[in-house]
Amino acid sequence: SEGFWPGNKVFFVAHRADERIFQPAIFGGHEQAFVELDSGRALRDILKYCKLTTKDVFFTNIFRCVLFDDAVVREEGYMCCETNLERDVRRKRPEAMVSLGEQAFRTMFPSVKYDGFLKQIGNVHTYNGTPTLVMHHLSKVQRLPKPGNFEIIKQFLRQYKVIS
């Protein structure tokens, strides 16, 4: 699978990869790029706050199968990517998932009545049998006051007994 970090306790699912991950000469590849970017720092801060390590989580993007220079997102592309995510969920069977950002939420839960993304923050839906928390994208979480968003994630993980 094309996510990284080997864990299966918690899946963090974003919409698509930042185009800088495709510049390995500058960033050292996918994982190193993620570590160097603000989003990576936000996720590391969340993991630390929740007392998780990278061995506990699997980070992936729904839209990981399209390169950054594809300007137009086609419906077929989303369907293919969601199939990849469904396969990862079936294979790894995470205890919980966190959907990061509006685009990830809308792709994962197309049948949920949409009345504004901010109303969904902190809500829990079920994705293929797995409880999934809806949160802001990591790039936004990093700019929001702490520990509010971190605490929402921590309480969700406690509720589903992923952490104590």
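Please refer to the structure higher up on the page.
The rules behind the values
The written sequence of each chain sets the order in which its residues are numbered from 1. The predicted origin of the model limits local features to residues at a pLDDT of at least 70 and limits the giving and counting of side-chain atom pairs to 80 or more, whereas totals for whole chains, interfaces and linings rest on all residues. Calculation of side-chain values draws on the structure's entire complement of heavy atoms; hydrogens and water are dropped beforehand. Aromatic contacts are taken between Phe, Tyr and Trp rings whose centres are within 6.5 Å, Trp giving its six-membered ring; a plane angle under 30 degrees counts as stacked, one over 60 as edge-to-face, and the others as tilted. In this scheme, Lys NZ or Arg CZ marks a charge over a ring once it lies within 6 Å of the ring centre and within 35 degrees of the ring normal. Per-residue accessibility, obtained with a 1.4 Å probe over protein chains only, is compared with the maximum for each type, and a residue is labelled buried under 20%, exposed over 50%, and partly exposed between these values. Helix and strand assignments follow DSSP, with helices taken as H or I runs no shorter than four residues and strands as E runs no shorter than two, numbered in order from the N terminus. One bridge is not enough; two strands pair if DSSP finds at least two bridges between them. Helices are assigned an expected span. That span is 1.5 Å times one less than the residue count. By construction, the arc corresponds to the directions joining the helix axis to the C-beta atoms. Contact between two residues is taken to exist if any of their heavy atoms lie within 4.5 Å; hydrogens are not considered. For the purposes of this section, nonpolar cores are sets of buried Ala, Val, Leu, Ile, Met, Phe, Trp, Tyr and Cys residues that join through side-chain atoms within 4.5 Å. The axes are straight lines fitted to the C-alpha atoms, using for helices just the contacting stretch, and the angles between their N-to-C directions are given from 0 to 180°. Note on angle classes: values under 35 degrees are labelled roughly parallel, values over 145 roughly antiparallel, values of 65 to 115 roughly perpendicular, and the remainder oblique. What makes a crossing left-handed is the near helix being turned counterclockwise from the far one by less than a right angle; a clockwise turn instead makes it right-handed.

Undergrad: Just checking my understanding: could you explain the packing of aromatic side chains for this structure?
TA: For any pair of aromatic rings, the description consists of the separation of the ring centres together with the inter-plane angle of the planes. Under the defined criterion, the tally for this structure stands at seven aromatic pairs. Looking at R106, its charged tip hangs above the ring of Y114, at a distance of 4.0 Å from the centre. For the cation-ring pair, K154 lies above Y49, with the distance from its terminal atom to the ring centre recorded as 4.7 Å.

Undergrad: Quick question: what am I supposed to make of the pairing of strand β1 (residues 10-14) here?
TA: The side chains of a regular strand alternate between the sheet's two faces. Of all five residues in β1, five are buried; the element is thus mostly enclosed. Residue alternation in β1 divides its side chains into two sets, V10, F12 and A14 and F11 and V13, and both sets are buried. Alignment of β1 against strand β2 (residues 57-61), held across five bridges, turns out to be parallel. Bridge pairing in β2 places A14 opposite N61.

Undergrad: What is the right way to look at helix α7 (residues 148-159) in this model?
TA: Side chains that are three or four residues apart share a direction in an α-helix, a result of its 3.6 residues per turn. Spanning 12 residues, α7 covers 16 Å between terminal C-alpha atoms, matching the ideal 16 Å at 1.5 Å per step. Considered for burial, the residues of α7 that qualify are N149, F150, I153, K154, F156 and L157. One side of α7 carries all its buried residues, which in axial view fall inside an arc of 160°. Contact partners of the buried residues in α7: β1, α3 (38-49), β3 (96-100), β4 (124-127), β5 (130-135) and α6 (138-141). Of the residues flanking the end of α7, it is K161, one or two places downstream, whose phi is positive at about 55°.

Undergrad: How should unusual backbone geometry be read in this particular structure?
TA: Only a minority of non-glycine residues have a phi that is not negative, and only a minority of peptide bonds are not trans. Residue R93 is not a glycine yet carries a positive backbone phi of 45°. Following the sequence through the fold, R93 ends up in the loop between α4 (75-92) and β3. Within the chain, N128 stands out as a residue other than glycine whose phi angle is a positive 50°. Inspection of the secondary structure assignment puts N128 in the loop between β4 and β5.

Undergrad: How do you make sense of the nonpolar core when you look at a structure like this?
TA: Looking at soluble globular proteins, one finds that nonpolar side chains tend to be buried together. Of all hydrophobic cores here, the largest spans 39 residues; its most connected members are F12, L85 and L157. It is β1 that contributes the most residues to this core, five residues altogether.

Undergrad: Honestly, the sheet that holds β4 in this entry has me stumped. Any pointers?
TA: Backbone-to-backbone hydrogen bonds pair the strands of a sheet. The strands run either parallel or antiparallel. Spatial strand order, β2-β1-β3-β5-β4: five strands in an open sheet with mixed pairing. Every interior strand has two partners, whereas the edge strands, β2 and β4, have only one. Going from strand to strand, the sheet's axes swing by 30° on average, the running direction of each strand aside. As paired elements, β4 and β5 share four bridges and run antiparallel to each other. Among the inter-strand pairings, H125 is bridged to a residue of β5, identified as T132. Across the sheet, α7 lies against β1, β3, β4 and β5, angled at about 170° from β5, the strand it touches most.

Undergrad: Looking at this structure, I do not really get the pairing of β3. What am I missing?
TA: Taken across its five residues, β3 has five buried, putting it largely inside the fold. Covered by surrounding structure in β3 are A96, V98 and L100 together with M97 and S99, the residues of both alternating faces. In this sheet, β3 lies alongside β1 in parallel orientation, the contact comprising four bridges. Across the sheet, V10 pairs through a bridge with A96, a residue of β3.

Undergrad: Whenever I open this one, the packing of α3 against α7 confuses me. Can you help?
TA: Think of two packed helices as two axes; the pair is described by the angle between the axes and how far apart they sit. The N-to-C vectors of α3 and α7 enclose an angle of 50°; their axes lie 10 Å apart at closest approach. On the basis of their axis angle, the class for α3 and α7 is oblique. Here α3 and α7 pass one another in a crossing that is right-handed. Counting all contacts with α3, which are made through A42, D45, I46 and Y49, the residues of α7 involved are F150, E151, I153 and K154.

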